[in-house]
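Next come the chains, spelled out residue by residue.
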Amino acid sequence: MKTSKLGKTGIEVSSLGFGASPFGNIYNQHVTDVEAKKMVGYAIDQGINYFDVAPYYGLGEAEVRLGKALPSVTTDLVISSKVGRYGEKEFDFSAKKITTSLELSLQRLNREYLDIVFCHDIEFVDKTIIIHEALPTLAALKQAGKIRAIGISGFPLNQLEALAQTTPIDVVLSYCHYTYINQDLASSWLASQAKKGELGLINASPFAMGLLTQANCPVWHPFDNKIKQDVEELKKTLNKQGKSIEQTAFSYAIAADMVSSTLTGFSSFKQLTQCLQWNQKAIN
């Protein structure tokens, strides 16, 4: 599988990244420990080297499950996790919490360091704590060898851009902004910086958090009813054309030329193998 440099970090990630959020059983389809291990092993065999998770996913369950599924030696893999978000409305970007959270993530993932640590969903807190406490704390942890790269994640592109323009950031993780129904990321400042090699950029959720699937959209999905209705009509149109919404969405997103990796969560071994097949077709 093709790998690309992640900005100036010196890290190379596979074009398809493995999102472990479903390991926290937050979507409709739950994942067992046995299936998680099978999926991770197969993904590595097929060339996926990038795995992403967070304490928020299943309140630690996803990290624990991914840690159990990873091989004992992971120096050739890229593992990212996050700090700052720990529940639906629980956010804590203080230096003390970040330090203890990272140590817990390292224990769960059986790692001595993490390749990337993101400030998780920055839009929900005052940016002053991100700028003056969270990022300096991560910088100190980077200096200590606990992490290799510092990132931010969130939904609003303007907030990600504003922070990345004013504060040293290695990697930005954007989700749902380069999909079959939304291409805002392509024309963003983030994309222009990534193309210059000045910033690492990861596009997550090509299926728009399950919306662009037939049956795995969670009841809590945040998009408004108008968008959901439009997607239902899109599904009907594609079905008449003999096309699936999943393959259409995946093939569109994986072709993005401004990102180093397209990150998606896998809820089953079948989903993983299907995406790998679609990825191979896209390459060919």
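As shown above, the structure is provided for reference.
Residue numbers restart at each chain and count upward from 1, following the sequence in its written direction. Two thresholds apply to this predicted model, a pLDDT of at least 70 for residue-level local features and 80 or more for giving and counting side-chain atom pairs, whereas whole-chain, interface and lining totals are computed over all residues. Note: side-chain values were computed over all heavy atoms of the structure, leaving out hydrogens and water.

1. Examining the environment of Glu35
Then comes step 1: Relative to the elements of secondary structure, Glu35 occurs in helix α1 (residues 33-45).
Then comes step 2: When checking whether two residues touch, look at their non-hydrogen atoms; a contact exists if any pair is within 4.5 Å. What Glu35 contacts, discounting residues up to four positions off in sequence, is Ser267, Ser268 and Phe269. The helix count covers DSSP runs of H or I at least four residues long, the strand count covers runs of E at least two residues long, and both are numbered beginning at the N terminus.

2. Some remarks on the pairing of strand β5 (residues 78-83)
Then comes step 1: Three exposure classes are used, based on accessible area relative to the maximum for each residue type with a 1.4 Å probe and protein chains only: buried under 20%, partly exposed in between, and exposed over 50%. Buried residues dominate β5, accounting for six of its six residues.
Then comes step 2: Where burial is concerned, the two faces of β5 agree: the one with Val78, Ser80 and Lys82 and the one with Ile79, Ser81 and Val83 are both buried.
Then comes step 3: As defined by bridge partners, strand β4 (residues 50-52) adjoins β5 across three bridges and the pair is classed as parallel. Note that in β5 the partner of Asp52 across the bridge is Ser80.
Then comes step 4: Taken together, β4, helix α2 (residues 61-69) and β5 form a β-α-β motif whose crossover is right-handed.
Then comes step 5: With four bridges joining them, β5 and strand β6 (residues 114-119) adopt parallel strand pairing. Among the inter-strand pairings, Val83 is bridged to a residue of β6, identified as Cys119.
Then comes step 6: Convention used here: a crossover is right-handed provided that the path from the first strand, over the helix, to the second strand proceeds clockwise when the strands point away from the viewer. What joins β5 to β6 is helix α3 (residues 95-109), and the crossover it makes is right-handed. When DSSP locates at least two bridges between a pair of strands, those strands are taken to pair.

3. Describing unusual backbone geometry
Then comes step 1: Positioned with a positive phi, Leu59 is a non-glycine residue whose angle comes to about 50°.
Then comes step 2: Within the element layout of this structure, Leu59 appears in the loop between β4 and α2.
Then comes step 3: Residue class for Leu59 comes out exposed when judged on its relative accessible area of 62%.
Then comes step 4: One non-glycine residue, Asp121, adopts positive backbone phi at about 55°.
Then comes step 5: With respect to the helices, strands and loops of the structure, Asp121 is situated in the loop between β6 and α4 (127-143).
Then comes step 6: Taking relative accessible area as the criterion, Asp121 reaches 6% and is therefore assigned buried.

4. Structural notes on the pattern of salt bridges
Then comes step 1: Any carboxyl oxygen of Asp or Glu that lies within 4 Å of a side-chain nitrogen of Lys or Arg is treated as forming a salt bridge with it. Counted under the stated rule, the structure contains 13 salt bridges.
Then comes step 2: Residue Asp121 pairs with Arg85 through a salt bridge whose shortest N-O separation is 2.6 Å. Highlighted residues: Asp121 in the loop between β6 and α4 and Arg85 in the loop between β5 and α3, separated in sequence by 36 residues. Per residue, the accessibility class of Asp121 equals that of Arg85, and both read buried.
Then comes step 3: When salt bridges with common partners are traced through the structure, they connect Asp33, Glu61 and Arg65 into a single cluster.

5. What to know about the sheet that holds β6
Then comes step 1: Taken together, the eight strands give a closed barrel; going around it, the order is β3-β4-β5-β6-β7-β8-β9-β10, and neighbouring strands pair in parallel fashion. Neighbour-to-neighbour, the strand axes of this sheet turn through a mean angle of 30°, independent of strand direction.
Then comes step 2: Inspection of the sheet shows strand β8 (residues 171-175) paired to strand β9 (residues 200-204) by five bridges, in the parallel sense. By the bridge assignment, Val172 is partnered in β9 with Leu201.
Then comes step 3: α4 contacts β5, β6 and β7 (147-154) of the sheet and is inclined by roughly 155° relative to β7. To obtain an axis, a line is fitted to C-alpha atoms, over the contacting stretch when the element is a helix, and the angle between two such axes runs from 0 to 180 degrees between their N-to-C directions.

6. Overview of the nonpolar core
One broad rule of soluble globular proteins: the nonpolar side chains tend to lie buried together.
Then comes step 1: Nonpolar core, defined: a set of buried Ala, Val, Leu, Ile, Met, Phe, Trp, Tyr and Cys residues in which side-chain atoms within 4.5 Å join the residues together. Of all hydrophobic cores here, the largest spans 90 residues; its most connected members are Phe18, Phe23 and Leu138.
Then comes step 2: Every residue in contact with Phe23, bar those within four places of it in the chain, is listed here: Phe18, Val31, Ala36, Met39, Val40, Glu61, Ala62, Arg65, Leu66 and Phe266.

7. Description of the state of the cysteines
Then comes step 1: Two cysteine sulfurs form a disulfide in these notes if their separation is within 2.5 Å. Using the criterion set out here, one finds zero disulfides in the structure.
Then comes step 2: No disulfide involves Cys275; its nearest neighbouring cysteine sulfur is the one of Cys176, lying 15 Å away.

8. Some remarks on the layout of surface pockets
Then comes step 1: Quantified by volume, the second largest pocket comes out at close to 260 Å³.
Then comes step 2: Detection works on a 1 Å grid of protein atoms alone, calling trapped sets that fit a 1.4 Å probe cavities and calling open sets with protein on both sides within 12 Å along at least five of seven lines pockets, with lining residues defined by an atom within 4 Å of a point. The wall of the second largest pocket is formed by 14 residues, among which Lys2, Ser15, Ile254, Ala255 and Ala256 lie closest to the centre.
Then comes step 3: Of all the elements in the fold, those that place two or more residues in the lining of the second largest pocket are β10 (261-265) and α9 (269-283).
Then comes step 4: Here the lining of the second largest pocket gets three residues from one element, more than from any other, and that element is α9.
Then comes step 5: Lys, Arg, Asp and Glu make up the charged group, whereas Ala, Val, Leu, Ile, Met, Phe, Trp, Tyr, Cys and Pro make up the nonpolar group; the residues left over, Gly among them, are polar. Residues of the lining of the second largest pocket, tallied by class, amount to six nonpolar, six polar and two charged. Grid points are joined across faces, edges and corners, and a volume is the space filled by probe spheres set on the points.

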